[in-house]
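Chain residues, written in single-letter form:
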Amino acid sequence: MTFMPWSPALELGVPTIDEQHRVLVDLINALHAAISDAAGTRSAIGDVLEGLLEYTHNHFIVEEVVFQKYGYPEAAKHLAEHSGFTGKMMDWLMRFEDGEDVNQEVMGFLKDWLVHHICEEDRAYLPFM
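Thresholds applied
The numbering scheme is per chain: residues are counted from 1 as the chain's sequence reads. Note on the predicted model: pLDDT of at least 70 is required for a residue's local features to be given, and 80 or more for side-chain atom pairs to be given and counted; whole-chain, interface and lining totals, by contrast, use all residues. Values reported for side chains reflect all heavy atoms of the structure, with hydrogen atoms and water molecules removed beforehand. Think of each axis as a best-fit line through the C-alpha atoms, taken over the contacting stretch in the case of a helix, with angles from 0 to 180 degrees between the N-to-C directions. For helices the rule is a DSSP run of H or I covering at least 4 residues; for strands it is a run of E covering at least 2, with both sets numbered from the N terminus onward. For classification purposes, an angle smaller than 35 degrees is called roughly parallel, one larger than 145 roughly antiparallel, one from 65 to 115 roughly perpendicular, and anything else oblique. Two helices crossing with the near one rotated counterclockwise from the far one by less than a right angle form a left-handed crossing, whereas a clockwise rotation gives a right-handed crossing. Only heavy atoms matter for contacts: two residues are in contact if any of them lie within 4.5 Å across the pair. Relative accessibility thresholds used throughout: buried, under 20% of the residue-type maximum; exposed, over 50%; partly exposed, between the two (1.4 Å probe, protein chains only). Each patch is built from residues lacking any salt bridge and having more than 30% relative accessible area; the joining distance is 9 Å for like charges and 5 Å for nonpolar side chains (Val, Leu, Ile, Met, Phe, Trp, Tyr). Calculation of accessible area relied on Shrake-Rupley with a 1.4 Å probe; when residues are assessed, cover is drawn exclusively from the protein chains displayed. For salt bridges, the criterion is a side-chain nitrogen of Lys or Arg within 4 Å of an Asp or Glu carboxyl oxygen. For the purposes of these results, a polar contact is taken to be a pair of N or O atoms within 3.5 Å, where, inside protein, one atom must be able to donate a hydrogen and its partner to accept one; residues adjacent in sequence count only when each atom of the pair is a side-chain atom.

Novice: Looking at this structure, how should I read the packing of helix α2 (residues 42–70) against helix α3 (residues 75–97)?
Specialist: How two helices sit against one another is set out by the angle between their axes and by the gap between those axes. One way to put it is that α2 packs onto α3 with a least axis distance of 11 Å and a crossing angle of 165°. By the angle class used here, α2 and α3 are roughly antiparallel. Like other packed secondary-structure pairs, α2 and α3 cross with a definite hand, here left-handed. Of the residues in α3, those in contact with Arg42, Ile45, Gly46, Leu49, Glu50, Leu52, Leu53, Thr56, Phe60, Glu63, Glu64 and Phe67 of α2 are Ala75, His78, Leu79, His82, Phe85, Thr86, Met89, Met90, Leu93, Phe96 and Glu97.

Novice: In this structure, what is going on with the environment of Val106? I would like to understand it.
Specialist: For Val106, the position within the fold is in helix α4 (residues 104–122). On the accessibility criterion, Val106 (5% relative accessible area) is buried. Each C-alpha atom of the pair Val106 and His32 lies 9.8 Å from the other, and the pair is 74 residues apart in sequence.

Novice: It is not clear to me how a nonpolar patch on the surface should be interpreted in this structure. Could you clarify?
Specialist: Taken together, Tyr70, Phe128 and Met129 make up a surface patch of nonpolar side chains, about 270 Å² in accessible area. As for its position among the elements, Phe128 is in the segment after α4.

Novice: What is the right way to look at the pattern of salt bridges in this model?
Specialist: Pairing is possible between side chains of opposite charge, provided their charged atoms come close. Scanning the model with the defined rule gives 5 salt bridges in all. With its nearest N and O atoms 2.9 Å apart, the salt bridge here joins Asp101 to Arg42. Of this pair, Asp101 sits in the loop between α3 and α4 while Arg42 sits in helix α2, and the two are 59 residues apart along the sequence. Residue classification places Asp101 among the exposed residues on the basis of a relative accessible area of 55%. We note a salt bridge from Arg95 to Asp91, for which the minimum N-O separation is 3.0 Å. Placement of the pair is Arg95 and Asp91 together in helix α3, with a separation of 4 residues, close to one helical turn. For Asp91, a relative accessible area of 34% gives the class partly exposed. In the salt-bridge network here, residues are joined through shared partners; they are Asp91, Arg95 and Glu100.

Novice: Honestly, the side chain of His59 in this entry has me stumped. Any pointers?
Specialist: Within the secondary structure, His59 sits in helix α2. The buried category is assigned to His59, whose relative accessible area is 3%. Here the side chain of His59 touches Gln20 through a polar contact of 2.5 Å, side chain to side chain. Sequence-distant contacts of His59, defined by excluding residues within four places in its chain, comprise Ile17, Gln20, His21 and Leu24.

Right, here's the structure in full:
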């Protein structure tokens, strides 16, 4: 069973953004699979965590360019959401590198945050595109 199945409710109708969101969902599922695998290694989990953080950062840059291009008036608020998420991910990555395990709290946060962010925060900029 997939931890976070892709849903049409997550589609914004912007192909580039939708594809990036699909990759983020895939990375969250890969992280869940890595921590659920009895034979999973810390190295594999760390690699997925780092990849998720890097990909998310690059995705946020794409959205920020869209905000500038279309003059999105709520850009500062949206960018603060991005910054908060990135900070939390960096904290978890550093804690993981210090020996802490990635747990279901982290997985729940990732899933809930991404669904909320796409369905509420990202959907809010569509009328300005």
